[in-house]
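# Structure at a glance
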Amino acid sequence: MAAAAATAATKGNGGGGGRAGAGEAGGARKKKGPGPLATAYLVIYNVVMTAGWLVIAVGLVRAYLAKGSYHSLYYSIEKPLKFFQTGALLEILHCAVGIVPSSVVLTSFQVMSRVFLIWAVTHSVKEVQSEDSVLLFVIAWTITEIIRYSFYTFSLLNHLPYLIKWARYTLFIVLYPMGVSGELLTIYAALPFVRQAGLYSISLPNKYNFSFDYYAFLILIMISYIPSPHHPFPFS
């Protein structure tokens, strides 16, 4: 699941066609962009998503100032984080209906990996919610998405500020290892609790003659972070 940082920098959209809330500003979009109605919808979508992640950023800062500590800040932004990260599922639909020229498969992979981490790991294993690793990936995601959705919005409006373009293709140097480290450490922290509770696991015998070990599945997820061209983080 982990991508080479150079790939993210060069292609800028998750392996050449990943998540694209508003489409790319490159040559392909100039040749054939979305129609007026689709463009208006995508602008609204990306503005809302930018605002949502800004709410998360402000929530983190306010909670830190109020508590005087960075520990357990996740609880202060849990609801908006779940809402706006899950809202990214619409990006799969954007690709499927053709208003964004990106791969449905890659976009699905990239979006679902984040949704999985939020719901199937962080939400499901309450014990990891106070881990510092959660804050690590939340901060990385928040900065990434504010930049990404701003980039798409201004690209659709044909007015892309240099600072946003620079941030999108430069800050991954810090955000990439930060986000991936947080994700891996969070999954690792969840493993003993998953094993102890048998979370989401199905054991034999049963009438379907089927078994599933969620603990082993999470280990496979961690192994999949070995660098490959299509990891969804950070600038997919």
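Residues numbered from 1 in each chain as written. Predicted model: local features only at pLDDT ≥ 70, side-chain atom pairs only at ≥ 80, totals over all residues. Heavy atoms only, no water.

By the naming in an unreviewed UniProt entry, the chain goes by Very-long-chain (3R)-3-hydroxyacyl-CoA dehydratase and is assigned to Felis catus. Word for word, the UniProt comment on the chain under Sequence similarities (unreviewed entry) is "Belongs to the very long-chain fatty acids dehydratase HACD family." (UniProt positions renumbered as here; feature names shortened; annotations may be inferred.)

### A short note on the nonpolar core
Trp 53 and Leu 81 are the most contacted members of the largest nonpolar core, which totals 42 residues. If you list the elements that add at least two residues to this core, you get α3 (36–67), α4 (74–87), α6 (104–123), α7 (132–156), α9 (172–197) and α10 (214–223). With five residues, the next largest nonpolar core counts Leu 42, Val 43, Cys 95 and Val 100 among its residues. (Core = buried A, V, L, I, M, F, W, Y, C linked by side-chain atoms within 4.5 Å. Buried < 20%, exposed > 50% of the residue type's maximum accessible area, 1.4 Å probe, protein only. Helix = DSSP H or I, 4+ residues; strand = E, 2+ residues; numbered from the N terminus.)

### A short note on the packing of aromatic side chains
Inspection of the entire model under this criterion finds 13 aromatic pairs. Here the aromatic rings of Phe 116 and Phe 217 are separated by 5.9 Å at their centres, their planes lie at 75 degrees, and the arrangement is edge-to-face. With a gap of 101 residues between them, Phe 116 in helix α6 and Phe 217 in helix α10 connect regions that are remote in the sequence. Ring centres of Phe 151 and Tyr 169 lie 5.8 Å apart, and the angle between their planes is 90 degrees; on these two criteria the pair is classed as edge-to-face. Here Tyr 169 lies in helix α8 (residues 162–170) and Phe 151 lies in helix α7, a separation of 18 residues in the sequence. (Phe/Tyr/Trp six-rings, centres within 6.5 Å; stacked < 30°, edge-to-face > 60°.)

### Points about the pattern of salt bridges
If charged atoms from side chains of opposite charge come close, those side chains can pair. This structure, assessed with the given rule, holds four salt bridges. Glu 91 is the salt-bridge partner of Arg 148, the closest N and O atoms lying 3.2 Å from each other. A residue pair is termed long-range when its members are at least 10 positions apart, and Arg 148 in helix α7 and Glu 91 in helix α5 (residues 90–97) qualify at 57 residues. Neither Arg 148 nor Glu 91 differs from the other in exposure class; each is buried. A salt bridge links Arg 148 to Glu 145; the shortest N-O distance between them is 2.8 Å. You can see Arg 148 and its partner Glu 145 sitting in helix α7, three residues apart, about one turn around the helix. Taking the relative accessible area as the measure of exposure, Glu 145 reaches 1% and is therefore buried. Linked through salt bridges whose partners overlap, the residues forming this network are Glu 91, Arg 114, Glu 145 and Arg 148. (Salt bridge = Lys/Arg side-chain N within 4 Å of Asp/Glu carboxyl O.)

### As for the UniProt feature "transmembrane region" (unreviewed entry) in the chain
Mapped onto this numbering, the UniProt entry annotates "transmembrane region" (unreviewed entry) at residues 39–65, 133–151, 171–191 and 212–228. Between the end C-alpha atoms of residues 39–65 the distance is 39 Å, and the span holds 100% helix and 0% strand. The annotated region residues 171–191 carries 95% helix and 0% strand content, and the separation between its end C-alpha atoms amounts to 31 Å.

### Examining the environment of His 94
With respect to the helices and strands, His 94 occurs in helix α5. At a separation of 2.7 Å, a polar atom in the side chain of His 94 contacts the side chain of Tyr 41. (Polar contact = N/O pair within 3.5 Å; in protein donor to acceptor, adjacent residues only side chain to side chain.)

### Looking at a nonpolar patch on the surface
On the surface, Tyr 41, Leu 90, Leu 93 and Val 97 cluster together into a nonpolar patch covering about 350 Å² of accessible area. Looking at the nonpolar patch element by element, the count peaks at three residues for α5. Within the element layout of this structure, Leu 93 appears in helix α5. (Patch = residues over 30% accessible without salt bridge, like charges linked within 9 Å, V, L, I, M, F, W, Y side chains within 5 Å. Areas by Shrake-Rupley, 256 points an atom, 1.4 Å probe, with all protein chains shown as cover.)

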